[in-house]
Amino acid sequence: KQEVTQIPAALSVPEGENLVLNCSFTDSAIYNLQWFRQDPGKGLTSLLLIQSSQREQTSGRLNASLDKSSGRSTLYIAASQPGDSATYLCAAYTGTASKLTFGTGTRLQVTL
Amino acid sequence: DAGITQSPRHKVTETGTPVTLRCHQTENHRYMYWYRQDPGHGLRLIHYSYGVKDTDKGEVSDGYSVSRSKTEDFLLTLESATSSQTSVYFCAISPGTDSGNTIYFGEGSWLTVV
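Everything numeric here is computed off the predicted structure, so don't read it as measured data.

Draft legend 1. Molecular detail of the interface of chain A and chain B. Each partner contributes residues to the interface: chain A has 23 residues there, and chain B has 24 residues. Contact between chain A and chain B buries roughly 1,800 Å² in total, counting both sides, with carbon and sulfur atoms accounting for 55%. Here chain A is connected to chain B by zero salt bridges. Where chain A packs against chain B, one counts one residue pair in polar contact (both at pLDDT 80 or more). Those elements that place two or more of their residues in the side of chain A that touches chain B are β4 (32-38), β5 (44-51), β9 (86-94) and β10 (99-102) of chain A. Here the side of chain A that touches chain B is composed, by residue class, of nine nonpolar, eleven polar and three charged.

Draft legend 2. Representation of the packing of aromatic side chains in the model. Overall, the coordinates contain eleven aromatic pairs over all chains when judged by the stated rule. Aromatic pair Y33(B) and Y35(B): ring centres 6.2 Å apart, planes at 35°, arrangement tilted. By relative accessible area, which is 0% here, Y35(B) ends up buried. The structure contains a cluster of three or more aromatic residues connected by ring pairs, namely F36(A), F102(A), Y31(B), Y33(B), Y35(B), Y48(B), Y50(B) and F105(B).

Calculation criteria
Residues numbered from 1 in each chain as written. Chains lettered and ligands numbered in written order. Predicted model: local features only at pLDDT ≥ 70, side-chain atom pairs only at ≥ 80, totals over all residues. Heavy atoms only, no water. Contact = heavy atoms within 4.5 Å. Buried area = accessible area lost by both parts, 1.4 Å probe. Salt bridge = Lys/Arg side-chain N within 4 Å of Asp/Glu carboxyl O. Polar contact = N/O pair within 3.5 Å; in protein donor to acceptor, adjacent residues only side chain to side chain. Helix = DSSP H or I, 4+ residues; strand = E, 2+ residues; numbered from the N terminus. Nonpolar A, V, L, I, M, F, W, Y, C, P; charged D, E, K, R; others polar. Phe/Tyr/Trp six-rings, centres within 6.5 Å; stacked < 30°, edge-to-face > 60°. Buried < 20%, exposed > 50% of the residue type's maximum accessible area, 1.4 Å probe, protein only.

Below, the structure written as structure tokens:
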């Protein structure tokens with residue numbers, strides 16, 4: 001059974017700082033891994049999807065990497081802004097029917 | 001934004017009553033999912049569908065049933081609601097993530113069982 005872990009559970013950084021969020025998974029036989037953002041009281045918004053054959057994906061100030069052999073993915077946020085404050089979740093696609101296994105998320109607060 | 005509508009968005013119900021949540025999509029995607037989100041547990045899959053009348057259980061399916069009679073609609077029914085089913089329920093859709101396509105989530109349905 002796939003298990004996905006995110007550390008830390010919460011993180012507070014000053015504006016402008018670069019930061020890394022971590023995601024680890026136990027079963028390396030994944031199709032791909034996806035990072036989401038969730039604002040309070042809202043649904044999830046997809047940020048980046050890394051296919052199993054790729055090592056990283058970039059979108060603006062976000063860069064996600066994937067190392068299947070070590071069971072790890074990282075989300076790098078450059079020059080953080082208060083608007084980046086949200087909960088960030090990673091999810092691994094494994095098994096049949098395109099099912100996701102989610103981590104419990106990292107709650108990020110970017111302070112002025 | 002992907003065309004996903006969940007209804008109702010908020011509901012308070014009494015223990016023992018049946019409750020149905022509806023997910024409607026306008027994207028014609030093959031896969032539809034119901035997740036619940038609880039503090040400390042993250043999102044957990046309840047049931048999913050891979051086509052009309054084709055459904056299967058997720059990891060927390062006890063006490064829930066689903067139906068999909070049309071591509072665009074996926075219903076989640078709590079047959080006899082319990083307080084442990086107080087949660088936020090999210091519907092999601094996908095054309096099929098095997099090919100690298102992403103998954104889209106609805107805005108959530110807040111259910112309180114008293």
